[in-house]
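One letter stands for each residue in the lines below.
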Amino acid sequence: MVADLSQLVKAYDVRGVVPDQWDEPLAELFGAAFVQVTDASAIVIGHDMRPSSPGLAAAFARGATARGADVTLIGLCSTDQLYYASGALDLPGAMFTASHNPARYNGIKLCRAGAAPVGQDTGLTEIRTLVEQWSEHGLPATAVTTPGTLTERDTLGDYAAHLLGLVGLDGIRPLKVVVDAGNGMGGHTVPTVFAGLPLDLVPMYFELDGTFPNHEANPLDPKNIVDLQARVLAEGADLGLAFDGDADRCFVVDERGEGVSPSAITALVAARELARNGGKGTVIHNLITSWSVPEVVRENGGTPVRTRVGHSFIKAEMAEHGAIFGGEHSAHYYFRDFWNADTGMLAALHVLAALGGQEGPLSGLLDSYDRYAGSGEINSTVTDQAGKLAEIRAEYASRDGVRFDELDGLTVSGEDWWFNLRPSNTEPLLRLNVEAREKKTMTAVRDEVLALVRA
């Protein structure tokens, strides 16, 4: 019976419910297809702490070795640790994780050698086609006479050393930092990366548990950082850090227990990366990030480039422009010196270095990078997304001084405000982001657009 992959294969990865939508026999076909499409003689595989991850990763490895590829297994790892292994070993890679999704989900993030992304336009469509064919007709005969080998390798220490070599943390003042790992892979990576730094580490939910007993490992949802905010205040800490399930994203809480906008972190890190590169370089930012990001980039001698939302677009722009850094509103941070891949850990180290290199609190340090009032991302269920976007464009078309941009969804800009509405790729949702020079204006624009969207 042919597998139905329509809901399983997304724009950038494979993700679905186990075993309802996929299982180990299907993972084995994905491993074989990945080797065939990438023409790889060797690959590297890692996995997160979900109960289904070791079995799925082992099945993928069986499919890969059956097609003649040698497999390096790095075991438990964060997604950016898998990217490190792909870059350092110069091998295509597969990471078994469903990031921040609930426990019953799992998925695969795939990359070519050097951590180059595999998405719909860069091999994932071909992989899906092969898996569909093979699930119906079985694997075709292969000319491979000798199956590939399996080798286990520990990359955690090398990953930590690489990151620490990219940020100057020598001489920072002692800091008290609370870290909420959400029972995800941050509990695996943080102790090794932070070892030896002048940090008083207060760990929260470091036990690896893919059932997420304390809260969802999705810090983008404000309810999931409430525990961290309270602990920062209770401990009198200098800051808090929250990692998502596969620890490739990092969110920051200041000493007041206030969540820090990922745009402010993008601007801070952009300024630091430009300083590292002599005040020159291109910085990529998606169109949802704050006005402050391109402003800070220009003020520090850099060139900002605006792009669509999504890591495959960011990584493509990074490569095309030779960019030194890229940031998204969702707390994905990309670095040229990390194979253009995203690593929340490296962004966290930049925040620690910046805070520890001066005497003031984090809120004061970030004042110059957090300049405007933002709504955050607000989702609304809309069945006819295109119709609703057209309706809202028509509503604003008659207003003076309004500009339109359709790079990604619909962006409408006035003199001192802008909003973007874009459809979800996977759900019947419209996602709204609003920013304005004053909070009162942002609130008024947000409420008006939401009323139109939900009418």
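Above this text is the structure in question.
Conventions adopted
- Residues numbered from 1 in each chain as written.
- Predicted model: local features only at pLDDT ≥ 70, side-chain atom pairs only at ≥ 80, totals over all residues.
- Heavy atoms only, no water.
- Axes fitted to C-alpha atoms, helices over the stretch in contact; angles between N-to-C directions.
- Helix = DSSP H or I, 4+ residues; strand = E, 2+ residues; numbered from the N terminus.
- Parallel < 35°, antiparallel > 145°, perpendicular 65-115°, else oblique.
- Left-handed = near helix turned anticlockwise from the far one by under 90°.
- Contact = heavy atoms within 4.5 Å.
- Nonpolar A, V, L, I, M, F, W, Y, C, P; charged D, E, K, R; others polar.
- Pairing = 2+ DSSP bridges.
- Core = buried A, V, L, I, M, F, W, Y, C linked by side-chain atoms within 4.5 Å.
- Buried < 20%, exposed > 50% of the residue type's maximum accessible area, 1.4 Å probe, protein only.
- Salt bridge = Lys/Arg side-chain N within 4 Å of Asp/Glu carboxyl O.

## Observations regarding the packing of helix 5 (residues 156-164) against helix 11 (residues 344-356)
Step number 1: Running from N to C, helix 5 and helix 11 cross one another at 45 degrees; their axes reach a closest spacing of 10 Å. Taken together, the axes of helix 5 and helix 11 lie oblique to each other. As helix 5 packs across helix 11, the resulting crossing turns out to be right-handed. Residues Tyr 159, Leu 163 and Leu 164 of helix 5 touch helix 11, and the partners they reach there are Met 345, Leu 346 and Leu 349.
Step number 2: Partitioned by chemical class, the residues of the contact of helix 5 with helix 11 number 6 nonpolar, no polar and no charged.

## Some words on the sheet that holds strand 15 (residues 333-335)
Step number 1: Pairing is mixed across the open sheet formed by 4 strands, whose spatial order is 13-12-14-15. What marks the edges here is a single partner per strand, and that holds for strand 13 (303-307) and strand 15. Along the sheet, successive strands turn relative to each other by an average axial angle of 20 degrees, direction set aside.
Step number 2: In terms of strand pairing, strand 14 (residues 325-327) meets strand 15 through 3 bridges, oriented antiparallel. Each residue of the ladder has a partner; that of Gly 326, found in strand 15, is Tyr 334.

## Examining the nonpolar core
One broad rule of soluble globular proteins: the nonpolar side chains tend to lie buried together.
Step number 1: The biggest cluster of nonpolar side chains holds 84 residues, and the ones touching the most others in it are Phe 194, Leu 239, Leu 241, Phe 243 and Leu 349.
Step number 2: Residue contributions to this core peak at 10 residues, all from helix 11.
Step number 3: Those residues in contact with Phe 243 that sit more than four places away from it in its chain are Val 179, Asp 180, Ala 181, Val 190, Pro 219, Arg 249, Cys 250, Gly 344, Met 345 and Ala 348.
Step number 4: Within the second largest apolar cluster, 35 residues are counted, among which are Leu 26, Ala 27, Phe 30 and Ala 59.

## So, the pattern of salt bridges
Step number 1: Applying the stated criterion across every chain yields a total of 24 salt bridges.
Step number 2: One salt-bridge network, held together by shared partners, links Glu 273, Arg 276, Arg 336 and Asp 337.

## What to know about the environment of Trp 339
Step number 1: Assignment of secondary structure puts Trp 339 in the loop between strand 15 and helix 11.
Step number 2: The spatial distance from the C-alpha of Trp 339 to the C-alpha of Met 318 is 9.7 Å, given a sequence separation of 21 residues.
Step number 3: With sequence-adjacent residues up to four places away left out, Trp 339 is seen in contact with Tyr 83, Tyr 84, Gly 87, Ala 88, Gly 114, Ala 115 and His 162.

## Describing the sheet that holds strand 11 (residues 250-253)
Hydrogen bonds between backbone groups are what pair the strands of a sheet, and the pairing can be parallel or antiparallel.
Step number 1: On the basis of which strands lie adjacent, the open sheet formed by 4 strands has the order 9-8-10-11 and mixed pairing. Here the strands that pair on one side only, and so sit at the sheet edges, are strand 9 (199-204) and strand 11. Sheet twist, expressed as the mean angle between neighbouring strand axes with direction ignored, is 25 degrees.
Step number 2: Note: strand 8 (residues 175-180) against strand 9, 6 bridges, orientation parallel. From the neighbouring strand, Val 177 faces strand 9, where its bridge partner is Leu 201.

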